[in-house]
Amino acid sequence: MKRHLVRWALPAIALFFAVLPVTAQEKVLTVYSSRSHYGSEPVFEQFTRETGIRIEFFSGNNNEVLERLRAEGNRTRADVLLTVDAGNLWHAAELGLLQPVRSPVLEANIPAHLRDPNGNWFAIAVRARSIVYSTERVRPSELSTYAGLGDQRWRGRICLRSSNAVYNQSLIASMIAAKGADATERMLRAWMANKPTILSSDTPVLQAIAAGQCDVGITNHYYLARLKAQQPVLPVSIFWADQGNGGTHVNISGAGVTRHTRNRAEAIRLLEFLSTPAAQAVLANGSHEFPANPAAAVPPITASFGTFEPQTVGVVAAGANQAEAVRMMDRVGYR
Amino acid sequence: MTPAITVSGVTRRFAGSTQCAVDDVSLQVDRGELLALLGPSGAGKTTLLRLIAGFEMPDRGSISVGSRVVASDTVNVPVERRGIGFVFQHGALFPHLDVRRNIAFGLGHLGQVERRARVDEVARLAAIDHLLDRYEHELSGGERQRAALARALARGNEIVLLDEPLSNVDRPLRLGIGTELRQILRSAGVTAVMVTHDHQEALALADRVALLNRGRLEQLATPDEIVAAPATQFVADFLAARHSPPRPAPGYP
Amino acid sequence: MTLRALQLVSIVIALAVLLPLGLVAWSALSPRFEIWQHLIDTRLPELVWNTLRLLVGVGLGAGVLGVGLAWLVSAYRFPGRDQFAWLLLVPLAMPAYVAGFVAVALFDFAGPVQQWLRDGLGYTGWVPPIRSWGGVVLTMSLVFYPYVYLLARAAFSERAVPMIEAARSLGQSPLSAFWRLSLPLARPAIAAGLALALMETLGDFGTVSVFGYDALTTAIYRVWFGMFDRVAAGQLALVLTVFAAVLIWSERWSRRRIRHAPAGSHRATLVPLSPGRAWAAAGVCSAVLLVALVIPAGVLVKWSIQAINAGSLASNYPRLLANTATVTVLATMLVVLAGLVLVLVRRLDGRRFFRSLGEVSLLGYAMPGSVIAVGALLMFESVDNGLASLISRLTGETPPLLLIASGAGLLFAYMVRFSAVSRQALQAGMERIPVALDEAARSLAAGPGRMAMRVHLPLLRRSLLAAGLLVAVEVLKEMPMTMLIRPFGFETLAVEVWLRTTEAMWIEAAPPSLAIVLVGAVLLALLHRLADPLERVQR
């Protein structure tokens, strides 16, 4: 019996894997994405309806997608790289995985500080990382800057996401660019002196604040929006930090055209489409993010958080300073 | 006529032991005879048997089958090619095959019809033709040994070696089954070498007996000669001594 | 099939395991003193210490649980014993990562248990935190003890229990006989099971990160993706492999004097317990199952219902299941074959070289899946490029990626990672085949090839099935490596779980997680019915 199994296995393998590669005649764009696209699907379907170009996704974490793209070299089938962190995009550009794009549409739609100076990548959505607090135990007047969390009054009352998270790494990296390394390190040490509780993700931080484990924390705004959508009476709010002091840190979800794409024109078309106000609105709506295009509508719950002054430093700084940020966090003992 | 087996100055010592398991033993086995290798435990009988079979290699000396050298300083014919049948102490029947397929195991070179005929023939010879569909665990001790012998004979080898074939058989039945085995061997016309520690068995069944002690050959003669004229004190003592029943191997009931 | 062919294939397999490791090592050759200085100054000592603590904790936890339960089930009769015997295996179907996020969600400050303590009972005192060494160790012990349990159970019932009877007839109390006889005799099996459990622990990244417990694997990821330094990450991975090698070597060392006797030919009767103790035994087994299986599965069911009601079930579920089934079946066949080759070569050619080849496979088990994946990717890069240039020279066209796109890469990676599992299972079965059968076959003019096919293989049927089922469960659960090397567009259940948890969407991750647990449980139930290693080899 075993022999028969073996005998049939080989043709079965061959057959199965021969069928795998898509041999469609229509135009297909391949997007390597680390956006969990269960929230942005509508916008891509819209693109297909308008252009007839089908989109196929290869999904994973930022890092997995990058490593895969890197390993595939010049025979990759990826046309577009779509990630959820500026540092990741910076790194992709550094590794030569993306190619510069000159597009008047993109340059008009996406503000300069939200795209790569060399045109390798462009934001398609913006997320702000700021201070969240318990509405029951904290008054907004007590909050001001990120550094302010180092004040003694917050001892034992802070919940932070782990420094392993790329969002925190980008936050600190941007801060290094904006405020300088010394000031940032002092801020971190002050935070650590307050003995923050370290949690593994943003949603647990919000839930901890709601449950009373801590009173303040730092998260991306859309996690709060998502929770609010499920529980409108959640006693947690967001405070825009560093207003008048450099601006609240923002990160982006962005995309770039891959170096070895065989569908350059279509790839650029996708990016341009994603940058239009209409597409931006749909995209942001699905994920509660801020649109990158200032002309697009902000989704309701997110809009209810109010407007804010974003950081003046370009998001490209997140990538350039990330390694240093990680080392700094190691030095101060931020787990 | 060339002897069936010639053992010449064979010595075998196991690593880590100062004592030789087999110490400069020379003997010849004539065609068609049943030779018993007799001696107390540790005498080297089984080692000598395994040397002849090819499971062990001699450190010195040579072994020939007929006129063909199978083991020496320069030659080592592997077990698979020596053409010697082996009956193991506990039968070593393949538990996943019935008796018929056990016997047929070595007959892969025959066609289906010939194979079946040969199996039937040998089974009849060993008086187990009614047991061909049974499995190992469904056989008694004596039946198992006859099946193992049939399997060893099936290939038509001229030599069959038997390692304590009766130790697994109930005491009172031993001589009876032993006589059956000898009968089968005679009918098959093979040369046989049998290892035993029981002198009654050896004297009753064998044509000649080789007495071994600590790896050395003490005496090689017919049963009558040995009883009448023991060559050494050891032989005399050994023949006179009472044997306690062998203890079963650990782990077995 | 000749011995020569087997030897060649076994060398290829060992090379296959070593190559990704070697490539990682090769790419890690450039000195990174500066990063190492930084690591040593800051977090490395703490991370190494954490890893050691974790290994000790899980070793003790899984060891005590596995051995204790195996002994209960092998020696005594108590209500439900026959069912517990195989049910206690089923927690193996739970991916450690899933058990982790369920545990954290349940017991964290904001979770239902603590909520109830505060709101329901008014208790505001200290509660043991789940995000701690204790939490990780407890969870991992509950998920990994089946490795020890499975192997110890076989050892206890085969040799130890009959000897206990002998000891008791000599006046030893059952407990004393257990300590002085059974335990030492079963040590190689226990060590083998512990080796598997500890290798998994060593290479785990997902589970420890859910608990916020930073270990060596955390450092690897941090340096790799935080500091953008793949070279230094590779060097850290090598450190991890050294740990693993030490573990493997100590397991080997603990087996050095044990000779394996063939299985005894009778089964000892189970000792009945007094009613009080019998119910206590049943209680212990139930408690373990409750905590390790029933509660986590229950939570997954609840969340799955929630997720389905919210409409977040992926629409491509049939495709997901088909993909999962295909890759699991193919990978299992390949991996079992690899283990079989290693085990056969060891039996047919007893030289030390070929025995060590089998142990090389254990290294593959200890490396974090993502490290293997990177090594494999590096390997395929060169091979694929070579093939591609050949093809383009012949046909003038540049072909797409071959090895990864075809899924061969993924199958290869599974083989590197899981050969150890099939090898350990098959080796145990092989050792139960008496050497006399080999000699009998040789005396019947069977060469090594015929011996392997007509004697070993039929007698290994149960072990092959057992190995296959175990490997299938492992492949089902594997996530990080699958993510990296899977063919384009090829999603499996594990991939689905991983994707959903990137944004801590635990509830959405519940349906595929539950599917994995259910399929794994079915496979393990099959293992019990068709291939229970406790059954004697009769046919």
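Residues numbered from 1 in each chain as written. Chains lettered and ligands numbered in written order. Predicted model: local features only at pLDDT ≥ 70, side-chain atom pairs only at ≥ 80, totals over all residues. Heavy atoms only, no water.

1. Here we look at the overall build of chain C
Right, on to step 1. In terms of regular secondary structure, chain C is built from 22 helices and two strands.
Right, on to step 2. For chain C, whose C-alpha radius of gyration is 24 Å, the value lies close to the compact-globule estimate of 24 Å for 539 residues.
Right, on to step 3. Its C-alpha atoms give chain C principal-axis dimensions of about 80 × 75 × 50 Å.
Right, on to step 4. Taking the intrachain contacts of chain C between residues at least 6 apart in sequence as the baseline, contacts between residues at least 24 apart amount to 84%. (Helix = DSSP H or I, 4+ residues; strand = E, 2+ residues; numbered from the N terminus. Rg over C-alpha atoms; globule rule 2.2 N^0.38 Å. Contact = heavy atoms within 4.5 Å.)

2. Remarks on the nonpolar core
Considering soluble globular proteins, one finds that nonpolar side chains tend to be buried as a cluster.
Right, on to step 1. Ranked by size, the top nonpolar core spans 230 residues in total, and within it Leu37(B), Phe78(C), Leu88(C) and Ile485(C) carry the most contacts.
Right, on to step 2. Tyr167(A), Ile252(A), Phe305(A) and Phe488(C) belong to the second-largest nonpolar core, a separate cluster that totals 46 residues. (Core = buried A, V, L, I, M, F, W, Y, C linked by side-chain atoms within 4.5 Å. Buried < 20%, exposed > 50% of the residue type's maximum accessible area, 1.4 Å probe, protein only.)

3. Topic: the interface of chain A and chain C
Buried accessible area, meaning the area lost when the parts come together, often serves as the stated size of an interface.
Right, on to step 1. Listed by partner, the interface residues are 58 residues for chain A and 62 residues for chain C.
Right, on to step 2. Across the interface of chain A and chain C, roughly 5,200 Å² is buried in total on both sides, 58% from carbon and sulfur atoms.
Right, on to step 3. Inspection of the region where chain A meets chain C yields three salt bridges.
Right, on to step 4. Among the ionic pairs, Asp330(A) bridges to Arg222(C), the shortest N-O distance being 2.9 Å.
Right, on to step 5. Here chain A and chain C share 17 residue pairs in polar contact (both at pLDDT 80 or more) between them.
Right, on to step 6. Looking at the side of chain A that touches chain C residue by residue, the class counts come to 23 nonpolar, 20 polar and 15 charged. (Buried area = accessible area lost by both parts, 1.4 Å probe. Salt bridge = Lys/Arg side-chain N within 4 Å of Asp/Glu carboxyl O. Polar contact = N/O pair within 3.5 Å; in protein donor to acceptor, adjacent residues only side chain to side chain. Nonpolar A, V, L, I, M, F, W, Y, C, P; charged D, E, K, R; others polar.)

4. Examining the sheet that holds strand 10 (residues 216-221) of chain B
Two orientations exist for strands paired in a sheet by backbone hydrogen bonds: parallel and antiparallel.
Residue and element names in this part refer to chain B.
Right, on to step 1. Read across the sheet, six strands follow the order 6-7-8-3-9-10 without closing on themselves; strand pairing throughout is mixed. Each end of this open sheet is capped by a strand with a single partner; those strands are strand 6 (84-87) and strand 10. On average, adjacent strands in this sheet sit at an angle of 20° to one another, irrespective of strand direction.
Right, on to step 2. Across five bridges, the pairing between strand 7 (residues 159-163) and strand 8 (residues 191-196) is parallel. Bridge pairing links Ile159 to Thr191 in strand 8.
Right, on to step 3. The strands that helix 1 (residues 45-53) touches are strand 3 (34-38), strand 6, strand 7, strand 8 and strand 9 (208-213); relative to strand 7, the one it contacts most, it runs at about 150°. (Pairing = 2+ DSSP bridges. Axes fitted to C-alpha atoms, helices over the stretch in contact; angles between N-to-C directions.)

5. Things to note about the interface of chain C and chain B
Right, on to step 1. At the junction of the two partners, chain C supplies 21 residues and chain B supplies 22 residues.
Right, on to step 2. Summing both sides of the interface, chain C and chain B together bury roughly 2,100 Å²; the carbon and sulfur share of this comes to 63%.
Right, on to step 3. On inspection of chain C and its partner chain B, the count reaches two salt bridges.
Right, on to step 4. Glu80(B) is the salt-bridge partner of Arg442(C), the closest N and O atoms lying 3.2 Å from each other.
Right, on to step 5. Taken together, chain C and chain B are joined by four residue pairs in polar contact (both at pLDDT 80 or more).
Right, on to step 6. Counting residues per element, the ones that place at least two in the side of chain C that touches chain B are helix 17 (435-443) and helix 18 (448-459) of chain C.
Right, on to step 7. Ranked by residues supplied to the side of chain C that touches chain B, first place goes to helix 17 of chain C with seven residues.

6. Re the state of the cysteines
All names here are of chain A.
Right, on to step 1. One pass over the structure, following the stated rule, counts one disulfide over all chains.
Right, on to step 2. In this model, Cys159 is linked to Cys214 through a disulfide, with the two sulfur atoms separated by 1.8 Å. Taking the sign of the torsion about the S-S bond as the criterion, the disulfide between Cys159 and Cys214, at about -100°, is left-handed. Note that Cys159 is positioned in strand 6 (residues 158-161) and Cys214 in the loop between helix 8 (202-211) and strand 8 (216-220), a separation of 55 residues in sequence. (Disulfide = S-S within 2.5 Å.)

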